[in-house]
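# Descriptive analysis of the structure
Each chain, written out:
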Amino acid sequence: MIGVIIMAVLMAFGLLVFVPFMIRRAMRQAKEAREFVPELLRKSGLQQDGGTLKGEYRGFPVEAHFGLGFNYGKLILSGESGWRMLQKMEGRNTYYQTLHVQMKVPGANIPTTMFKEHAGLLRTDQWFMDLVEKRNVELPEVDGLKVGSARVYGTDPEFCRRAAADSELKALIENWHFTDIRAAGDTVELVLNDNMVMPTFGSRRMARPDFVIEALDMCARLAELGK
């Protein structure tokens with residue numbers, strides 16, 4: 001009898017505390033979703049054109065594209081087909097948000113440089129996707145040079161070391177995940193395309209536009225260093 005009473009008290013407590021908390025959380029997330037684009041436009045100074053942001057950021061022409069990634073590596077490597085494949089499509093990390101930033105640096109000739117976090121064989125699906133999409137590295141690695149989890153590659157080791165030592169760029173990369181930022185000639189590009197983006201960044205961080213501003217700042221700082 002006492003156990004039943006305790007269970008009833010706990011259930012009542014859950015209804016009084018947990019349910020209102022979840023309702024407030026859902027309302028807050030809905031509000032943040034509505035405000036995401038307006039706040040991003042306000043903070044970046046860019047203009048929206050469909051799923052693309054365009055304009056100038058820190059003095060550089062830029063385009064930022066949002067997309068929906070699909071973890072086809074997981075499906076192919078699973079060996080499933082038919083109904084079982086459809087069931088796999090509903091699983092964790094099948095769909096995810098992507099971001100692609102392309103910034104122009106007029107008149108620059110930046111040495112080919114890349115900061116990239118390696119997806120090893122322990123993450124076979126992402127390693128396979130990087131390979132198929134030709135996002136693997138084809139540049140010499142600068143020995144012993146890393147920024148956070150990102151390795152540094154490039155044709156000009158001196159420029160790579162200078163960029164890696166820059167305090168602003170270093171702080172931004174160390175606070176990022178799945179880094180893939182590269183520069184060559186008059187172009188700087190950042191790609192965020194990894195099926196673990198949501199659980200790693202966290203839904204709270206992804207619900208706000210600050211991570212996009214961080215991506216723009218990374219590109220802009222590398223552009224400033226190379227112009």
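Just above sits the structure.
Notes on the structure in this doc start here. (Residues numbered from 1 in each chain as written. Predicted model: local features only at pLDDT ≥ 70, side-chain atom pairs only at ≥ 80, totals over all residues. Heavy atoms only, no water.)

A count of helices and strands for the protein gives 9 helices and 9 strands. Looking at the protein as a whole, 37% of its 227 residues are labelled buried. Per element, the accessible surface of the protein, about 12800 Å² overall, is 59% carbon and sulfur. (Helix = DSSP H or I, 4+ residues; strand = E, 2+ residues; numbered from the N terminus. Buried < 20%, exposed > 50% of the residue type's maximum accessible area, 1.4 Å probe, protein only. Areas by Shrake-Rupley, 256 points an atom, 1.4 Å probe, with all protein chains shown as cover.)

A word on helix α6 (residues 167-174). Along α6, the residues classified as buried are L169, L172 and I173. Seen along its axis, α6 keeps its buried residues to an arc of 95°; they face one direction. Structurally, α6 contributes buried residues whose contacts are with β5 (110-117), β6 (141-147), β7 (150-154), α5 (157-165) and α9 (210-226). Between the side-chain oxygen of the N-cap and the backbone nitrogen of E168 there are 3.3 Å, and the N-cap of α6 in question is D166. (Arc of directions from axis to C-beta. Contact = heavy atoms within 4.5 Å. Polar contact = N/O pair within 3.5 Å; in protein donor to acceptor, adjacent residues only side chain to side chain.)

Here we come to the sheet that holds β7. Two pairing modes exist for strands in a sheet, parallel and antiparallel, and in both the strands are linked by backbone hydrogen bonds. The antiparallel open sheet is built from 9 strands, whose spatial order is β1-β2-β3-β4-β9-β8-β5-β7-β6. Edge positions in the sheet fall to β1 (47-49) and β6, since each has one partner strand and no second. Looking at each pair of strands side by side, their axes are set apart by 20° on average, direction ignored. Strand direction decides the pairing type here: β5 and strand β8 (residues 180-185), joined by 5 bridges, are antiparallel. (Pairing = 2+ DSSP bridges. Axes fitted to C-alpha atoms, helices over the stretch in contact; angles between N-to-C directions.)

As a packed pair, α5 and α9 sit with axes 11 Å apart at the nearest point and diverge in direction by 135°. In terms of axis orientation, α5 runs oblique to α9. In terms of crossing hand, the pair formed by α5 and α9 is right-handed. Listed contacts from α9 to F159, R162 and A163 of α5 are L222, L225 and G226. For the contact of α5 with α9, the residue count by class is 4 nonpolar, 1 polar and 1 charged. (Parallel < 35°, antiparallel > 145°, perpendicular 65-115°, else oblique. Left-handed = near helix turned anticlockwise from the far one by under 90°. Nonpolar A, V, L, I, M, F, W, Y, C, P; charged D, E, K, R; others polar.)

The subject of this paragraph is the nonpolar core. Grouped burial of nonpolar side chains is what soluble globular proteins tend to show. With 50 residues, the main nonpolar core has V101, M103, F115, V188 and L222 as its most contacted residues. A total of 11 residues in this core trace back to one element, the largest contributor, which is α9. Apart from residues no more than four positions distant in its own chain, L222 is found in contact with F115, F159, A163, L169, I181, A183 and V188. (Core = buried A, V, L, I, M, F, W, Y, C linked by side-chain atoms within 4.5 Å.)

Attention now goes to the pairing of β5. The pairing of β5 with β7 spans 5 bridges and is classified as antiparallel. The partner of F115 across the bridge, within β7, is V152.

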